[in-house]
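# Results of the structural survey
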Amino acid sequence: MNPSADHPHSPKQVARVLGVSESSLKRWCDQGLLQTTRTAGGHRKVLAAEVIRFARDRGITIASPELLGLPPLATATESNCERSACLLAEALLAGDESLSREIVFHLALGNCPVARLFDDVIARSFAIIGDRWACQRAEVYQERRSCEIILRTLMELRKSQTVSPGSLTACGGTATGNLYSLQTLMAEVLLRDCGYQATSLGTAIPFDSLVQAIHELRPTLFWLSAAHILDEAEFLEGVTRVSSACAATQSALVAGGRALTPQLREQMIDVTCVDNMQQLAGFAKSLLRVHRRTLSSSQQPADRTP
Ligand code: B12
C-alpha cells in the first residue's frame, strides 16, 4: 500500500481503519465531518491525512493504522520508527505538509516518546533527505522546504504543550555562524515535555550575548546546539566563557550537535556533551530529580531532623 496523503481510501476501507461501521462512516461523510473527494466515476474517497486529522480531532483511536501505511501506534519499536522515518521523508520530499504533520502528531499523541520521535523518526528522515540530496536525487529547495514544514509542525507541538508555572527553567540556542534551527527547537520542545519552562533563544548568537543571557535569565539548564562550527578555536574560547557563566549561576550546561568532535568534547570543561535528544531527556530528568530532592530536604521541618 502506498501510504501517501493523496492516496484515496474508500469509506469501506476508512471504516476498517477507524474500527467503526460503514454506516457511521458514511453518515460522517454525509454530515461533512469527514472531507471526501469524488473519483471520475463519482465514488467517494477520503485522503489518509484527512482520516488521521478526523480521528485525532474526535479522539478516535485508529484501529488499523497499517491500512493507511502507518506503523501501529502501540509500540515505538525500532522497525516502526524506521518505517515512520521513511514515510516522513517521502512526505517531506513531496512537500506534503498535511501528511508530514499527521505522521508527527500521530506518533507524538500515540505512545512514541518525544525524544525517540526526534531521534529515530525526524532526524532519521532528514538523514534520508540529506542522502538523497548528496546523490542528486533531491533538490536543495526540497531539503529547505522540509525544514520549514518540520519547524512549523514542531511549533504546533510546542503550542499543544502546557508547563506548570514555577517549573525549573531552561534556555539555549546556537552560537555565531551556526544557522541550524531544528535542533535547538527540538531541545526546547523536549525539555518542555520533561516539565521545564524551556525557551530557545534562536540561532547564530554571539557568545557575549549567550553569556549575558545566562547571567540575566539564570536558567537551571542551559543548552548549546552545535551542528556547525565556523572556527573551532573561537568556539572553544566562547564555550569556556559560557561554562564559567553557568558556574556562576549554577546552571547545568549541556551541549549537542554533529560538529562536536571527540577532540573538541575533550576540551569543553564542565560541559555535558550528549549525542541525541534521548540523552538530553535523561540528563534533564536526573537534574529535575536532584532539584526535587534538594527542595524536599530543605522543606523538612528542623525539629524532625534526628
Ligand atoms: C537541513 C540541513 C541544513 C539546513 C538547516 C536548516 C535548519 N533550519 O535547521 C541549512 C540550510 C541551514 C544547512 C546549512 C549548511 N549545511 Co547542512 N544539512 C542539512 C541536512 C539536510 C539535515 C540536518 C538536520 O537538520 N537534521 C535534523 C536534525 C534534527 O538532526 P541532527 O542534526 O542529526 O541532530 C540530532 C543529533 O545530532 C542530536 N543533536 C544535534 N544537535 C543537538 C543539540 C542539542 C542541544 C542536543 C541535546 C542534541 C543535538 O539530536 C538530534 C536529534 O536526534 C544535513 C544532511 C544530513 N545527512 O543530516 C545537511 C548537512 C549536515 N549540511 C552540511 C553542510 C556542509 C552545510 C553547510 C556548511 C553548507 C555550506 N557550505 O554552506 C551549511 C552550514 C550552515 C551554517 N553556517 O550553519 C553537511 C555536513 C557535512 C559534515 N561533515 O558535517 C550535511 C551532512 C550535508 C552533506 N551531505 O554534505 N544545512
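Residues numbered from 1 in each chain as written. Predicted model: local features only at pLDDT ≥ 70, side-chain atom pairs only at ≥ 80, totals over all residues. Heavy atoms only, no water.

### A short note on the pattern of salt bridges
- Summed over all chains, the structure comprises 14 salt bridges.
- Close ionic contact of R124 with E82 constitutes a salt bridge, the shortest N to O distance being 2.6 Å. Taken as a pair, R124 in helix α6 (residues 114–134) and E82 in helix α4 (residues 78–93) lie far apart in primary sequence, 42 residues in all.
- Residue class for R124 comes out partly exposed when judged on its relative accessible area of 21%.
- Residue R101 pairs with E102 through a salt bridge whose shortest N-O separation is 3.1 Å.
- Look at E102 and you get buried, because its relative accessible area is 2%. (Salt bridge = Lys/Arg side-chain N within 4 Å of Asp/Glu carboxyl O. Helix = DSSP H or I, 4+ residues; strand = E, 2+ residues; numbered from the N terminus. Buried < 20%, exposed > 50% of the residue type's maximum accessible area, 1.4 Å probe, protein only.)

### Here we look at the packing of α6 against helix α7 (residues 140–159)
- At a closest axis distance of 9 Å, the pairing of α6 and α7 adopts a crossing angle of 165°. Here α6 lies roughly antiparallel to α7, going by the angle between them. You can see that α6 and α7 cross each other, and the crossing is left-handed. Mapping the contact onto sequence places F118, I122, F126, I129 and W133 in α6 and V140, E143, S146, C147, I150, L154 and L157 in α7.
- Within the contact of α6 with α7, the residues separate by chemical class into 10 nonpolar, one polar and one charged. (Axes fitted to C-alpha atoms, helices over the stretch in contact; angles between N-to-C directions. Parallel < 35°, antiparallel > 145°, perpendicular 65-115°, else oblique. Left-handed = near helix turned anticlockwise from the far one by under 90°. Contact = heavy atoms within 4.5 Å. Nonpolar A, V, L, I, M, F, W, Y, C, P; charged D, E, K, R; others polar.)

### Quick look at the environment of A255
- On the secondary structure map, A255 appears in strand β7 (residues 252–256).
- Judged by relative accessible area, which is 2%, A255 ranks as buried.
- Sequence separation between A255 and G110 is 145 residues; the distance between their C-alpha atoms is 29 Å.
- Those residues within four positions of A255 in sequence are excluded, and the remaining contacts are L224, L260, M268, V271, T272, C273 and V274.

### Topic: helix α12 (residues 277–298)
- Taking 1.5 Å of rise per residue, the 22 residues of α12 would be expected to cover 32 Å, and the 31 Å separating its terminal C-alpha atoms lies within 8% of that figure.
- Inspection of α12 places M277, L280, A281, F283, A284, L287 and L288 among the buried residues, and these make up the whole buried set. Along the long axis of α12, the arc covered by the buried residues comes to 165°, so they all point the same way.
- Buried-residue contacts for α12 involve α6, α8 (182–193), β6 (221–225), β7 and β8 (272–274).
- The backbone nitrogen of Q278 has a side-chain oxygen 3.1 Å away, supplied by the residue at the start of α12, namely N276. (Expected span 1.5 Å × (residues − 1). Arc of directions from axis to C-beta. Polar contact = N/O pair within 3.5 Å; in protein donor to acceptor, adjacent residues only side chain to side chain.)

### A short note on the pairing of β6
- Counting buried residues in β6 gives five out of five residues, a clear majority hidden from the surface.
- Burial along β6 is two-sided: the residues L221, W223 and S225 and F222 and L224 are all buried.
- As judged from the five bridges shared by strand β4 (residues 169–175) and β6, these two strands associate in the parallel manner. Residue C171 lies in a different strand from β6, and its bridge partner there is F222.
- One crossover worth recording links β6 to the parallel β7 by way of helix α10 (residues 232–249), and it is right-handed. (Pairing = 2+ DSSP bridges. Right-handed = clockwise from strand over helix to strand, strands pointing away.)

### Examining the site of the ligand
- Near the ligand, the surroundings consist of 30 residues, among which D119, G177, L179, Y180 and S181 are the closest.
- Here a nitrogen atom of the ligand sits 2.6 Å away from a polar atom, N or O, in the side chain of Y180.
- R258 is positioned with one of its side-chain polar atoms (N or O) 2.9 Å from an oxygen atom of the ligand.
- Of all elements in the fold, only α6, α7, α8, β6 and α12 reach the threshold of two or more residues within the shell around the ligand. (Near = heavy atom within 4 Å.)

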